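One-letter residues, chain by chain:
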Amino acid sequence: MQNGMEKIFSGGKRIVVLASDHRYFGVVAGLERPKEVLTPLLPYVDVLMTDPGVLRNCFNNSVPKPVILRASGCTTTMSVPVPGYLQEPAKLAYRERTGKDFDATYGLYRAKVESGKASPEEFDQYRSLDGVINEPDTIANEKLILGAEDVRREGAAAAAVSVYLRTHYQSQTLDNLATFSRQARKIGIALLGVVAVGDALGYLEKDADFLTRAGAILVAHGADFIKTYNCGEGFERVVEACGVPVIVAGGKAPKGVDETKDSLELAYDSMQKGASGIDFGRRVWRHKHPVAMIQALRAVVHENLNARQAYELFRDVQETVVRS
Ligand code: 5RP
């Protein structure tokens, strides 16, 4: 039997995965018409990662590339507000304790986190203030939405299951992974363990020690390959400790920098440090020139172009596409 990993890595040791599973938790901007957006990109990717609705309803279960299907869900990016009658006393107590206005202080930390420039301490502050207004960790409360047999029936080669460590739901989401793994192993479906952090734990993306331990934990619970973040310094150790193929998450492109260069540098650095590929979504399909972007990323992964060479390729392709 050909197992899912052979299908996912059928073209060699490195892969370009296009992430498009975002609608499962309510990230829709840019993916309102998935087939229209994704089809021109498919010739340049090795694998499509998507959700069951997109696979069935937009592609009629027929994608010309192997598919990683989102198999965990049941949570969204929509916050769950704490009732006002509980918020008010907590806000008053905050003012008495600190002498500061709660809403103004919360707004400052929130802006910092949204800018992507918050320090770990600022993230922690934001997290504790946000807990007064919104139920904490709701995004982490994932359950399985598909079993391995369902994934096979839908025609996918692999499934993605997220794990939210350092949240209230770490045990539950590890159980999702382990449960899926037991089923998947029997029928040759590969399992991608996704190291998830969510907005309130975003600083962990840069924490090499957290990512090293997270990768090892997910592999121990049955992941065949890992999607995680490139934390910069120390990422080699993350890859080494996983001991299975690692693909790098894109995340939102940071504001105030050249988005194209940033994505190419992220991809290049990841490959240099031992990653087996990339799994970018918004950095590609939200880009102004997605076809040029995916071609440049592909050249980094498969042709060993460095970020500068890939940027030149990006500009060439972009000009050709604009002229035609
Ligand atoms: C988070 C995920 C998401 O579902 C998605 O694939 C993220 O893609 P990107 O951040 O590149 O837009 O798996 O880990």
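Numbering of residues begins from 1 in every chain and follows the order in which that chain's sequence is written. Reporting in this predicted model follows two pLDDT cut-offs: at least 70 for local features of residues, and 80 or more for side-chain atom pairs to be given and counted; totals over whole chains, interfaces and linings ignore these cut-offs and use all residues. Heavy atoms throughout the structure, all of them, feed into the side-chain values; hydrogens and water do not.

Some thoughts on the overall build of the protein
Definition in use: Strands here are runs of E lasting at least two residues and helices are runs of H or I lasting at least four, both read from the DSSP assignment and numbered beginning at the N terminus. For this measure, only C-alpha atoms enter the radius of gyration; the expected value for a globule follows 2.2 Å times N^0.38, where N is the number of residues. Per-residue accessibility, obtained with a 1.4 Å probe over protein chains only, is compared with the maximum for each type, and a residue is labelled buried under 20%, exposed over 50%, and partly exposed between these values.
The helix and strand tally for the protein stands at 14 helices and 10 strands. Since a compact globule built from 324 residues should have a radius of gyration of about 20 Å, the 20 Å found for the protein is in line with a globular shape. Its C-alpha atoms put the protein at 60 × 50 × 40 Å along the principal axes. The buried share among the 324 residues of the protein stands at 50%.

Let's talk about the domain arrangement of the protein
The parts lose accessible area when they come together, and the size of an interface is often stated as this lost area. Spelled out, the test is: A domain assignment, automatic or from a database, supplies the domain bounds used here. Any two residues having at least one pair of non-hydrogen atoms within 4.5 Å are treated as being in contact. Accessible area, probed at 1.4 Å, shrinks when two parts are joined; the buried area is that loss added up over both. A carboxyl oxygen of Asp or Glu within 4 Å of a side-chain nitrogen of Lys or Arg is what we treat as a salt bridge. Lys, Arg, Asp and Glu make up the charged group, whereas Ala, Val, Leu, Ile, Met, Phe, Trp, Tyr, Cys and Pro make up the nonpolar group; the residues left over, Gly among them, are polar.
Considered domain by domain, the protein is made up of domain 1 (4-77 + 139-323) and domain 2 (84-134). Distance between the C-alpha centres of domain 1 and domain 2: 32 Å. Contacts between the two partners involve seven residues from domain 1 and, on the opposite side, seven residues from domain 2. Together domain 1 and domain 2 conceal approximately 610 Å² of surface at their shared face, both sides included; 58% is due to carbon and sulfur atoms. Inspection of the region where domain 1 meets domain 2 yields zero salt bridges. Here the side of domain 1 that touches domain 2 is composed, by residue class, of three nonpolar, one polar and three charged.

Overview of the site of the ligand
Filter applied, for reference: A cutoff of 4 Å decides nearness: a residue is near a molecule or strand if any of its heavy atoms lies inside that distance of it. Counted as a polar contact is a pair of N or O atoms within 3.5 Å, where, for protein atoms, one must be capable of donating a hydrogen and the other of accepting one, and residues adjacent in sequence contribute only when both atoms are in side chains. Reported accessibility uses the Shrake-Rupley method at a 1.4 Å probe radius. Residues are deemed covered only where the shown protein chains occlude them.
Near the ligand you find 15 residues, and of these Asp21, His22, Lys227, Gly281 and Arg282 are the closest. The separation between an oxygen atom of the ligand and a polar side-chain atom of Arg282 is 2.8 Å. Isolated, the ligand exposes 380 Å² of accessible area, and the fraction of that covered by the protein chains is 93%. Here the residues of the shell around the ligand are counted per class, giving six nonpolar, four polar and five charged.

Here's the deal with helix 5 (residues 102-114)
Definition in use: Multiplying 1.5 Å by the residue count of a helix minus one yields the expected span of that helix. Working note: the arc is built from the helix axis to C-beta atom directions.
With 13 residues, helix 5 extends 18 Å from end C-alpha to end C-alpha; this agrees with the ideal 18 Å at 1.5 Å per step. Every buried residue belonging to helix 5 is among Phe102, Thr105, Tyr106, Tyr109 and Val113, and all of these are buried. Seen along its axis, helix 5 keeps its buried residues to an arc of 100 degrees; they face one direction. Contact partners of the buried residues in helix 5: helix 4 (84-98) and helix 6 (120-133). The N-cap of helix 5, judged by a side-chain oxygen 3.5 Å from the amide nitrogen of Asp103 a few residues on, is Asp101. The positive-phi residue at the C-terminal boundary of helix 5 is Gly116, with phi of around 80 degrees.

Focus: the environment of Leu69
In this structure, Leu69 sits in strand 3 (residues 67-70). On the accessibility criterion, Leu69 (0% relative accessible area) is buried. Considered as a pair, Leu69 and Asn306 are 237 residues apart in the sequence and their alpha carbons are 30 Å apart. Sequence-distant contacts of Leu69, defined by excluding residues within four places in its chain, comprise Thr50, Asp51, Pro52, Leu55, Leu146, Val151, Glu154, Ala156, Ala158, Ala159 and Ala160.

Comments concerning helix 13 (residues 290-303)
Because an α-helix packs 3.6 residues into every turn, residues spaced three or four apart end up facing the same way. For helix 13, with 14 residues, the first-to-last C-alpha span of 19 Å sits near the 20 Å given by 1.5 Å per residue. Turning to helix 13, its buried residues number three or more, namely Ala292, Met293, Ile294, Gln295, Ala296, Leu297, Ala299, Val300 and Val301. In this structure, the buried residues of helix 13 make contact with strand 1 (15-20), helix 11 (259-272), strand 10 (277-280), helix 12 (282-285) and helix 14 (307-323). Immediately beyond the C-terminal end of helix 13, within one or two residues, lies Asn304, with a positive phi of roughly 60 degrees.

As for the packing of helix 11 against helix 14
Where we set the bar: Geometry is summarised by axes, namely lines fitted to C-alpha atoms with helices restricted to the contacting stretch, and by angles between N-to-C directions that run from 0 to 180 degrees. When describing relative orientation, an angle under 35 degrees is termed roughly parallel and one over 145 degrees roughly antiparallel, while 65 to 115 degrees is termed roughly perpendicular and anything else oblique. By convention, the crossing between two helices is left-handed when the near helix turns anticlockwise from the far helix through less than a right angle, and right-handed when the turn is clockwise.
The N-to-C vectors of helix 11 and helix 14 enclose an angle of 135 degrees; their axes lie 9 Å apart at closest approach. The angle between the axes of helix 11 and helix 14 places the two elements in the oblique class. Every pair of crossing elements has a handedness; the one defined by helix 11 and helix 14 is right-handed. Contacts between helix 11 and helix 14 involve Thr260, Lys261, Leu264, Glu265 and Tyr268 from the first element and Ala307, Ala310, Tyr311 and Phe314 from the second. Tallied by class, the residues present in the contact of helix 11 with helix 14 amount to six nonpolar, one polar and two charged.

Quick word on the packing of aromatic side chains
Basically, it comes down to this: Pairing of aromatic rings covers Phe, Tyr and the six-membered ring of Trp, with a centre-to-centre limit of 6.5 Å; geometry is then stacked below 30 degrees between planes, edge-to-face above 60, and tilted otherwise. Two thresholds decide whether a charge sits over a ring: the Lys NZ or Arg CZ must be within 6 Å of the ring centre and within 35 degrees of the ring normal.
Here the structure, examined in full by the defined rule, presents seven aromatic pairs. Plain terms: the ring middles of Tyr24 and Phe25 are 4.6 Å apart, the flat faces sit at 10 degrees to each other, and that makes the pair stacked. With respect to burial, Tyr24 and Phe25 carry one shared label: buried. Centroid distance Tyr94 to Phe102: 5.5 Å. Interplanar angle 85 degrees. Geometry classified as edge-to-face. Phe102 carries the same exposure label as Tyr94, and that label is buried. An aromatic cluster is present here, built from Tyr94, Phe102, Tyr106 and Tyr126 joined pairwise through their rings. Across the ring face of Tyr311, the terminal group of Lys261 is positioned such that the distance to the ring centre comes to 5.1 Å. The ring of Phe280 has Arg283 sitting right over it, with the charged end atom 5.9 Å from the ring centre.

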